[in-house]
Amino acid sequence: MQRSILNSSTFFGDVVRREIDGFRVNRRPYLGFLSSEPGAGGAVAIEHQGLMSIPLVVSFCKMSGNSHFLAVGDEDGFVSLYDTRQCLPSVASCMEKSGQARVFDWIAHTNAIFDVCWIKDDSHIVTASGDQSIKLWNAENRKCMGILGGHTGSVKSISPHASNPDIIVSGSRDGSFALWDLRCNPTSTRNGETRLLPVDVVSGAHGFNKEVSTVPIKSRTCNSFRRKRAPRASPMSITSVLCLKDSLSIATGGALNSIVKFWDTRNLSSAVAQACPQNKPSAEKDTPSHGISSLSQDSHGAFITASCMDHRIYLYEVLHLNKGATKVFSGSKIDTFYVKSALSPDGAHLLSGSSDGNAYIWRVNKPEGIPVKLEGHEGEVTAVDWCSSEIGKLVTSADDSKVRVWNMKRGGCISSKSPTSLRKRVVANAPRIKRCRRLVMNDPATVLKEVTDNTCSMEQTTEPSSPIQLKELQFSTPESGKKRNQMEENEALMTQKAALSSPSSVLNPPPSLKRKTILDYFHAAS
């Protein structure tokens, strides 16, 4: 009788091998089992009162207990909340059953919603819209808690602070990014709305674009006015903002070029660093005019990805920005600023939409490998997101008015340890397990006695602490004692300096040390 043993299995595209009588045969990749049928994800159609709408942003809740809730913002200004734990309908029936998984929806803006984020332990939702405003919502009763006004263009991107839920950063088409503090005293308008003003605004963060406009100019020959076309400079759009995990730095990307700029919130007068695909950022006139559509970062803060309009996604190591992009991912077609990408929470995989109607997944440690293609959409795949607590669960949305949830765990449970090591451990412990089971069933007193004897034998074999292992008594003169104390103080000082120089102190700084950003270490290394 042939015996089939699962020899090794890995996640995201690695081949699953089986050993049959000493021979190894290759099976289909793990992602070959993916589908959007019930039990493996599903699909929902974005519609309101029978009218279809195109989703522009998707976002899972961040807390582990709420991560199954999904917020969707669409071009009609609606926010819809879905429960992905339910059995979602198939693609064929999602049009008729779109309301089954929807918890509720409401009109949040009078224009398209370009970004959504969860804050305050998922109790509030922040939305950014083309009506030039940002709104704060109570997620339970859908009540608007405040309007963040100040931008003069569509708000394209928002990012919550890494550790303070009251701080938000926004980027706008007017070329500025703003820093907001929800604890500031609001002002009331005539309509009774609560409005907040930004704490700080940086205008023209990514340069200016010369364009021709019609302005009134007074004629020299008469007192009448005539209109003449005159050049003027307009700030380039900020397409993406990102609060870094050091809680003090901000990364921004724009529509002008592929340069990512980094800012220190303690002094926003100018960018403290910048990174581009090359080793050193070249002059602005020599930089390719490929804008950035989105920025993302893993939960550990080690990597940053920038989706560029040259159909590539560049990965930067935060502590080595001076080296330029360390990895480049190609395969997806990014030719609009609506196509986004996202790093998985563990930083191991990269998910991206594409204008060709597919989504792609790369392994971060194998950028040259062929990405996994997620097929099924019938339009440009724009927004993507990972579930923070359920491994392998992700979502994609497209211009076909559909949002699809993918579950990578179909066909087996993912384990951090290989099945081979688990099988060896079970086989090695099998005789002991059988013996314990027999003793427990037949003679429980014998088990108790055996456990007691083993405990006593362990105590007897444990030798008492030897005097040699104790700290020796030190006899010294007052002068030698002073020298020893000085040496201990020097060692403590060196340890403190080492803690300051360690990159790990950025994310977990000692309370007595001055806060530093990751960019401080970048400048120190250069």
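Note that this is a predicted model, so its numbers are computed, not measured. Sequence order sets the numbering: in each chain, residues are counted from 1 along the sequence as written. Under the rules for a predicted model, residues below a pLDDT of 70 receive no local features and side-chain atom pairs below 80 are neither given nor counted, while totals for whole chains, interfaces and linings still include all residues. Each side-chain value is derived from all of the structure's non-hydrogen atoms; neither hydrogens nor water enter the calculation.

## Quick notes on the UniProt feature "repeat: WD" (unreviewed entry) in the protein chain
Reasoning step 1: As recorded in UniProt, the feature "repeat: WD" (unreviewed entry) lies at residues 106-147, 148-183, 342-372 and 374-416.
Reasoning step 2: Helix and strand definitions here come from DSSP, where helices need a minimum of 4 consecutive H or I residues and strands a minimum of 2 consecutive E residues; each element is numbered from the N-terminal end. What you have in residues 148-183 is 0% helix and 53% strand, and the ends, taken at the C-alpha atoms, are 12 Å apart.
Reasoning step 3: In this annotation, residues 342-372 is assigned 0% helix and 39% strand; the end-to-end C-alpha distance for the span is 15 Å. UniProt positions are given in the numbering used here, feature names are shortened, and annotations may be inferred rather than shown by experiment.

## A word on the environment of A128
Reasoning step 1: Structurally, A128 is set in strand β12 (residues 124-129).
Reasoning step 2: Only protein chains enter the area calculation, which uses a 1.4 Å probe; residues under 20% of their type maximum are buried, those over 50% are exposed, and those in between are partly exposed. Owing to a relative accessible area of 0%, A128 belongs among the buried residues under this scheme.
Reasoning step 3: Residues A128 and L148 lie 20 residues apart in sequence; the distance between their C-alpha atoms is 9.4 Å.
Reasoning step 4: Two residues form a contact once any of their heavy atoms are found within 4.5 Å. The residues touching A128, leaving out its near neighbours within four places in the chain, are H109, A112, I113, F114, D115, S133, V155 and I158.

## Some words on the environment of A45
Reasoning step 1: Mapped onto the secondary structure, A45 falls in strand β4 (residues 41-45).
Reasoning step 2: Through-space distance from the C-alpha of A45 to that of P89 is 9.6 Å; in sequence the pair is 44 residues apart.
Reasoning step 3: Among all residues touching A45, those that are not within four sequence positions of it are M52, Y82, C94, M95, S98 and S401.

## Side note on unusual backbone geometry
Reasoning step 1: In the Ramachandran plot, Q49 falls in the positive-phi region, its phi being about 55° despite a non-glycine side chain.
Reasoning step 2: Within the secondary structure, Q49 is located in the loop between β5 (47-48) and β6 (51-52).
Reasoning step 3: On the basis of relative accessible area, Q49 is assigned to the exposed category, the value being 85%.
Reasoning step 4: The phi angle at K120 is positive, at roughly 55°, despite the residue not being glycine.
Reasoning step 5: When you line up the elements, K120 lands in the loop between β11 (113-119) and β12.

## Side note on the sheet that holds strand β9 (residues 78-83)
Reasoning step 1: Two strands make a pair as long as DSSP finds a minimum of two bridges between them. Across the sheet, which stays open at both edges, the four strands sit in the order β7-β8-β9-β10 with antiparallel pairing between neighbours. One side of each edge strand has no neighbouring strand; the edge strands of this open sheet are β7 (55-60) and β10 (102-107). This sheet shows a mean twist of 15° between the axes of neighbouring strands, independent of strand direction.
Reasoning step 2: The pairing of β7 with strand β8 (residues 69-74) spans five bridges and is antiparallel. The axes used here are C-alpha line fits, helices contributing only the stretch in contact, and every angle between their N-to-C directions lies in the interval 0 to 180 degrees.

## Concerning the nonpolar core
Reasoning step 1: We define the nonpolar core as a collection of buried residues of types Ala, Val, Leu, Ile, Met, Phe, Trp, Tyr and Cys that are connected through side-chain atoms lying within 4.5 Å of one another. Judged by nonpolar contacts, the single largest core of 17 residues is most densely connected at A251, V260, F262, L295 and Y316.
Reasoning step 2: Elements represented by at least two residues in this core include exactly β25 (260-264), β26 (273-275), β27 (292-297), β28 (303-308) and β29 (312-317).
Reasoning step 3: Considering each element in turn, this core owes the most residues, three residues, to β28.
Reasoning step 4: Ignoring sequence-local partners within four residues, the contact set of Y316 consists of S258, V260, A275, C276, P277, A302, F303, I304, A306, L321, G324 and A325.

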